[in-house]
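Observations on the three-dimensional arrangement
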Amino acid sequence: MTVVNMKNLLNHASVEKYGIGAFNVTDLDMVRGVIAAAETENSPVILQFAEVHKNYAPLEVLAPIMVDAARNAKVPVVVHLDHAETFDTILQAMHVGFSSVMIDASKMAYEDNIATTREIVKIAHALNVSVEAELGTMNREGGGTNDFYDTLESTFTDPKIAKDFVTKTGIDALAVAFGTVHGVYTKKPHLDFKRLAEINNEVDVPLVMHGGSGLSDFEYQEAIRNGVRKINYYSTLAYNVANSVKEKLNKETKQIFISDVSLWVIDLIKEDVRSKMRVFQSSGKA
Ligand SMILES: [Zn+2]
């Protein structure tokens, strides 16, 4: 199977009304776990690397591994760059064969976000690379004080501005803010599905949900019903797997080597990702 452009994959998901999981990977074990899950579920998948994770593995080291795993997978795989803030990182990812990038200029003033995003779209589309951009912000980590949740609404995506943004930039997918936050939730999130539905009515590109960790099955499916096609899922995955490894290590009585832990990690990632693919209803859609 070849590495595929995200636009085609998300458009298929729009027609058949399901969501596709986008799983951040920080090492080879995670790459193998995610691909194994997609193959077992016969699901399309988005394998992504976040610029913020470069301390775990440099992009230039992990990217060729991701692209190679995608090329050899039995299902369609998008290799995507998540939350890139610099021009250099985006070009570097395209150069090694990523089929999709996210330019996150959401912290900039609106007109600057448009100009920056447009520039990336122009280059990416010439190379058949899809582009995701963000409007509204979800750039704060999950957790924090009650204040954090109280002021969250002021950062939500405005449906009318979303339409203007998509038209002016020519992006392929739009990341929207409607109540999800990055990281592990410390307080139950209140998702504004009415707003999500309004955004979906205004724009004609698939929507992306960031901070897709730790929601209920109903919340995932309600988001999908309202136009979300790409669901970023990382924090809960990484947290759950770490805790399972901790438990297994504590219970283990025989000699254990770090290579054995790698195999556990692959398997734990695979099972968690498979369960999400079923919730997102992408199983069997490859
Ligand atoms: Zn994100």
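Residues numbered from 1 in each chain as written. Predicted model: local features only at pLDDT ≥ 70, side-chain atom pairs only at ≥ 80, totals over all residues. Heavy atoms only, no water.

When its secondary structure is counted, the chain shows eleven helices and eight strands. The C-alpha atoms of the chain give a radius of gyration of 18 Å, which matches the 19 Å a tight globule of 286 residues would have. Each of the 286 residues in the chain was classed as buried or not, and the buried ones make up 55%. Sequence separation of 24 or more characterises 72% of the internal contacts of the chain that already satisfy a separation of 6 or more. Across the chain, the 29 positively charged side chains and the 37 negatively charged ones have centroids separated by 5 Å. (Helix = DSSP H or I, 4+ residues; strand = E, 2+ residues; numbered from the N terminus. Rg over C-alpha atoms; globule rule 2.2 N^0.38 Å. Buried < 20%, exposed > 50% of the residue type's maximum accessible area, 1.4 Å probe, protein only. Contact = heavy atoms within 4.5 Å. Lys, Arg positive; Asp, Glu negative; His and termini not counted. Charge placed at Lys NZ, Arg CZ, Asp CG, Glu CD.)

Going through the model one piece at a time under the given rule, you end up with twelve salt bridges. Arg274 serves as the salt-bridge partner of Glu41, at 2.7 Å between the closest nitrogen and oxygen. One end of the pair, Glu41, is in helix α2 (residues 28-41); the other, Arg274, is in helix α11 (residues 258-280), and 233 residues separate them in sequence. Accessibility expressed as a relative area gives 18% for Arg274, which makes it buried. Taken together, the shared-partner salt bridges in this structure form one network comprising Glu41, Glu271, Arg274 and Arg278. (Salt bridge = Lys/Arg side-chain N within 4 Å of Asp/Glu carboxyl O.)

Counting residues in hydrophobic clusters, the biggest one holds 78 residues, and the most contacted among them are Met66, Val77, Leu81, Phe98 and Leu174. Setting aside residues no more than four positions away along its own chain, Phe98 makes contact with Phe49, Leu59, Ala63, Met66, Val67, Val79, His80, Leu81, Ala93 and Val129. In terms of nonpolar packing, the next biggest core, distinct from the first, is built from 14 residues, Leu9, Ala13, Met102 and Ala173 among them. (Core = buried A, V, L, I, M, F, W, Y, C linked by side-chain atoms within 4.5 Å.)

On the protein side, the zinc ion has His83 (NE2), His182 (NE2) and His210 (ND1) as donor atoms, found 2.0 to 2.1 Å from it. Donor residues for the zinc ion sit on one chain with the sequence pattern H-x98-H-x27-H. Here His83 is found in strand β3 (residues 77-84), whereas its partner His182 is found in the loop between β6 (173-176) and α8 (193-202), with 99 residues between them in sequence. (Donors = N, O, S within 2.8 Å, 3.2 Å for Na, K, Ca; no water.)

Let's shift gears to the packing of helix α4 (residues 87-96) against helix α5 (residues 110-126). Taken N-terminus to C-terminus, the directions of α4 and α5 make an angle of 15°; their axes are 12 Å apart at the nearest point. The angle between the axes of α4 and α5 places the two elements in the roughly parallel class. Along this stretch, α4 crosses α5, giving a crossing that reads as right-handed. Of α5, the residues touching α4 (which contributes Phe87, Ile90, Leu91 and Met94) are Glu119, Ile120, Ile123 and Ala124. (Axes fitted to C-alpha atoms, helices over the stretch in contact; angles between N-to-C directions. Parallel < 35°, antiparallel > 145°, perpendicular 65-115°, else oblique. Left-handed = near helix turned anticlockwise from the far one by under 90°.)

These results come straight from atomic positions and should not be treated as a statement about function.
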